[in-house]
Amino acid sequence: MIEVEVHQQLRAFLRSQAEPYWPHHLTMGRLVARALRLGRSALIQTGVPSVGFYGRHRLSYLMPILMWSSPAILVAPDSVQQRLQFVEIPQLQQWIGTHKTIRTGDRWPGEDFPGLLIISPESWLADRLSDSGRLPRGVPTILDCADQLEQSARQQLSFSLNESDWNQLLLARPDRAETIRQVRVKLTHSLFQHPANPYQCYLLDQTEQEILQDLLNALEFSPQTDSGSISDRGKVLSLPDNWHLFWQQFHPHNAAQEGNSAIDRSSLLWAEVNRDRGQFTLSSGPIEVASALANVWPQQPVVLIGGALDLDSDASIYRQKVGLGDLTCVKFSVDRQNEIIQLYLPERIPMPNTPQFQGVLLEQLRQLLCISASAKGLTVIVVDDVPLKARLGSILAAEFGSRVQVEKPPENDQGILVTGWEYWCQHPPSFFPPPKLLAIATLPIPSLENPLVAGRVAYYKQNRQDWFRLYLLPTALNTLQQAIAPLRQTQGVVALLDNRTLHRTYGKEVLAALSPYARIDYLDITCFGDAKNN
């Protein structure tokens with residue numbers, strides 16, 4: 001059986017390497033080989049980062065794919081594809097003596113293609129969600145970086161209208177030019193009446209939806225029309241593609257008839273406002289993607305691979321969010337000896353929603369920076385509050401000089417990066433020097449002040465679901481695990497300055513997400529010994 005052959009080849013290859021290897025290679029290799037042979041889907045949590053050059057688990061699925069005699073598809077981000085094509089795949093092919101054809105692209109190379117197609121998550125989702133026919137059904141698929149699956153699907157199913165789209169609409173429908181201009185003026189006036197917020201976005205209220213409905217009526221467009229064209233006085237008038245896609249998700253008449261707002265629909269309608277330029281972008285996207293993705297999984301057997309998808313081994317919350325049914329689920333443990341972090345969790349820090357928090361936070365950060373100053377390595381301070389992030393950046397730059405950068409790559413290995421969660425997590429670990437210290441101001445629980453978060457929470461409430469346990473907390477834990485992953489490579493220090501970890505019932509789940517860790521009660525220079533030697 002292929003499981004035995006993969007086990008033997010992978011074990012021999014690993015023994016030939018002079019460097020330590022991931023302890024679960026052989027088990028995962030057999031699991032992937034079994035999934036290919038039986039045509040059954042599986043979900044694997046590796047416990048190691050899935051981005052950048054830290055994906056040490058990839059040998060485990062590459063070996064069975066290359067030894068598999070039938071065609072297969074590998075879904076991986078562009079940054080991962082480069083390393084696969086130029087490092088790991090040539091290495092393994094030379095070892096096992098196979099010359100399986102490898103192709104990259106956004107469509108199947110040909111009807112009789114016998115090899116491996118490597119495709120980006122965006123291209124794969126675009127085909128599977130639209131059933132465009134660029135990829136055949138039934139081909140076994142390995143989906144790497146499943147951590148970003150929900151976000152990628154939401155982006156794929158979302159549509160935006162910007163300044164150029166309005167101009168294209170004017171060119172496409174000159175017969176309704178005056179109406180289009182009036183609607184645009186009304187929307188601009190209404191949107192700029194909203195009070196400013198740090199996120200510069202707003203859910204469309206009922207008045208703004210009705211303004212768009214008036215435009216839809218004036219264009220005589222029906223969302224059920226497949227072609228996006230209408231007939232007027234014997235002439236066929238078509239709408240630009242972006243407008244057609246936007247209208248398909250925009251059904252304000254249903255909510256207006258029931259007196260409901262945008263949160264009562266299955267999609268969110270919002271606007272991003274640029275007050276300096278006096279411009280706005282309209283966007284429409286799904287609140288949940290499970291219903292759309294549920295139609296994807298029966299099209300082929302899939303092995304989904306991610307770092308940390310769920311705290312539970314059966315990944316029940318993750319599977320619910322991405323529409324997965326029952327399948328084989330495996331969760332590998334983190335190497336407690338080589339990937340442990342040092343966790344500094346001081347007590348007696350005020351709660352983040354109190355007036356005293358900012359002053360105590362600043363004093364704690366000063367102490368951390370002074371203690372770790374002589375140790376080699378990057379210091380990262382994660383502050384998601386936009387005004388507070390800018391304020392801390394200014395204060396620390398005045399005291400520590402040009403070493404401090406706010407969401408910009410540090411100038412040297414001793415830099416201090418002040419950043420939000422999104423900026424830190426969206427860059428691969430190889431983008432920054434190895435960090436010695438990660439200071440976390442507050443847990444990455446999505447803020448209800450963000451209109452998009454509030455819209456999704458309202459949807460959970462409407463459906464009588466536990467919005468905190470099913471949405472806010474899993475999002476926070478996933479972000480937290482992804483953020484600390486680079487520290488596991490250096491056994492660095494994570495300073496968690498959010499006291500909710502100690503005084504809220506969900507604190508034990510936060511600590512479980514940080515595990516394995518060694519908790520330290522105080523910091524001195526000896527805590528950074530490993531970072532200093534890197």
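Within every chain, residues take consecutive numbers counted from 1 along the sequence as written. pLDDT decides what is reported in this predicted model: residues at 70 or higher carry local features, side-chain atom pairs at 80 or more are listed and counted, and totals for whole chains, interfaces and linings draw on all residues regardless. By convention in this description, side-chain values take in all heavy atoms of the structure and omit both hydrogens and water.

(A) Inspection of unusual backbone geometry at higher detail. Note the cis peptide between Ser515 and Pro516, where omega equals 0°. Within the secondary structure layout, Pro516 lies in the loop between helix 20 (507-514) and strand 20 (517-520). The backbone of Arg348 sits at a positive phi, close to 65°, despite the residue not being glycine. Along the chain, Arg348 falls in the loop between strand 14 (341-344) and helix 14 (357-371). Only protein chains enter the accessibility calculation, which uses a 1.4 Å probe; a residue is then buried when its area is under 20% of its type maximum, exposed when over 50%, and partly exposed in between. According to the relative accessible area criterion, Arg348 is exposed, its value standing at 82%. Here the phi dihedral of Glu407 falls at roughly 50°; this positive angle occurs in a residue that is not glycine. With respect to the secondary-structure elements, Glu407 resides in the loop between strand 16 (404-406) and strand 17 (416-419). We count a stretch as a helix when DSSP gives it H or I for four or more residues in a row; a strand needs E for two or more, and each element gets its number in order from the N terminus.

(B) Spatial organisation of the sheet that holds strand 13 (residues 328-331). One bridge is not enough; two strands pair if DSSP finds at least two bridges between them. Read across the open sheet, the seven strands follow the order 3-4-2-5-12-1-13; overall the sheet is parallel. Each having just a single partner strand, strand 3 (102-104) and strand 13 make up the two edges of the open sheet. When strand polarity is set aside, the average angle formed by the axes of neighbouring strands in this sheet is 15°. Bridge count between strand 2 (residues 72-75) and strand 4 (residues 116-119): four bridges; the pairing is parallel. Between N-to-C directions, angles span 0 to 180 degrees; the directions come from axes that are lines fitted to C-alpha atoms, helices contributing only their stretch in contact.

(C) Main features of the sheet that holds strand 7 (residues 201-203). Spatially, four strands are ordered 6-11-10-7 in an open sheet, and the strand pairing comes out antiparallel. Where the open sheet ends on each side, the last strands, each with one partner, are strand 6 (159-161) and strand 7. Pairwise comparison of adjacent strand axes, ignoring direction, gives a mean angle of 25° for this sheet. Strand direction decides the pairing type here: strand 7 and strand 10 (residues 267-274), joined by three bridges, are antiparallel. Looking at strand 10, one finds that Tyr202 is bridged to Ala271.

(D) Layout of the environment of Pro77. Of note, Pro77 is situated in the loop between strand 2 and helix 4 (78-96). You can call Pro77 partly exposed: its relative accessible area is 22%. When the C-alpha positions of Pro77 and Asn242 are compared, they lie 25 Å apart, and in sequence the two are 165 residues distant. When sequence neighbours within four positions are dropped, the list of residues in contact with Pro77 reads Pro121 and Cys145. The criterion used for residue contact is that any of the two residues' heavy atoms lie within 4.5 Å.

(E) Looking closely at the side chain of Thr98. Considering the arrangement of structural elements, one finds Thr98 in the loop between helix 4 and strand 3. Within 3.5 Å is the distance limit for a polar contact, defined as a pair of N or O atoms, with the added protein rule that one can donate a hydrogen and the other accept it, and that residues adjacent in sequence qualify only through two side-chain atoms. A distance of 3.5 Å separates the side chain of Thr98 from the backbone nitrogen of Lys100, its partner in a polar contact.

(F) Focus on the pairing of strand 14. In strand 14, alternate side chains face the same way, and those of Ile341 and Leu343 on one face and Gln342 and Tyr344 on the other are all buried. Direction of pairing for strand 14 relative to strand 20: parallel, over a ladder of four bridges. Residue pairing for strand 20: Gln342 is matched across the bridge by Ala518. Bridge count between strand 14 and strand 19 (residues 493-496): three bridges; the pairing is parallel. Counted as the bridge partner of Tyr344 is Ala495 from strand 19.

(G) Quick peek at the packing of aromatic side chains. Whether two aromatic rings pair depends on their centres lying within 6.5 Å, for rings of Phe, Tyr and Trp, where Trp uses its six-membered ring; planes under 30 degrees apart make the pair stacked, over 60 edge-to-face, and the rest tilted. Taken as a whole, this structure holds 14 aromatic pairs when the rule is applied. For the pair Trp166 and Trp243, a centre-to-centre distance of 4.9 Å together with 85° between the ring planes defines the contact as edge-to-face. With a gap of 77 residues between them, Trp166 in helix 7 (residues 163-172) and Trp243 in helix 10 (residues 241-249) connect regions that are remote in the sequence. The pair formed by Trp166 and Trp243 is uniform in burial state, with each residue classed as buried. Pairing Trp467 with Phe468 gives two aromatic rings, centres 6.4 Å apart and planes at 90°, and the pair type is edge-to-face. On the accessibility criterion, Phe468 (18% relative accessible area) is buried. Ring pairs connect the aromatic residues Trp166, Trp243, Phe246, Trp247 and Phe280, which therefore count as one cluster.

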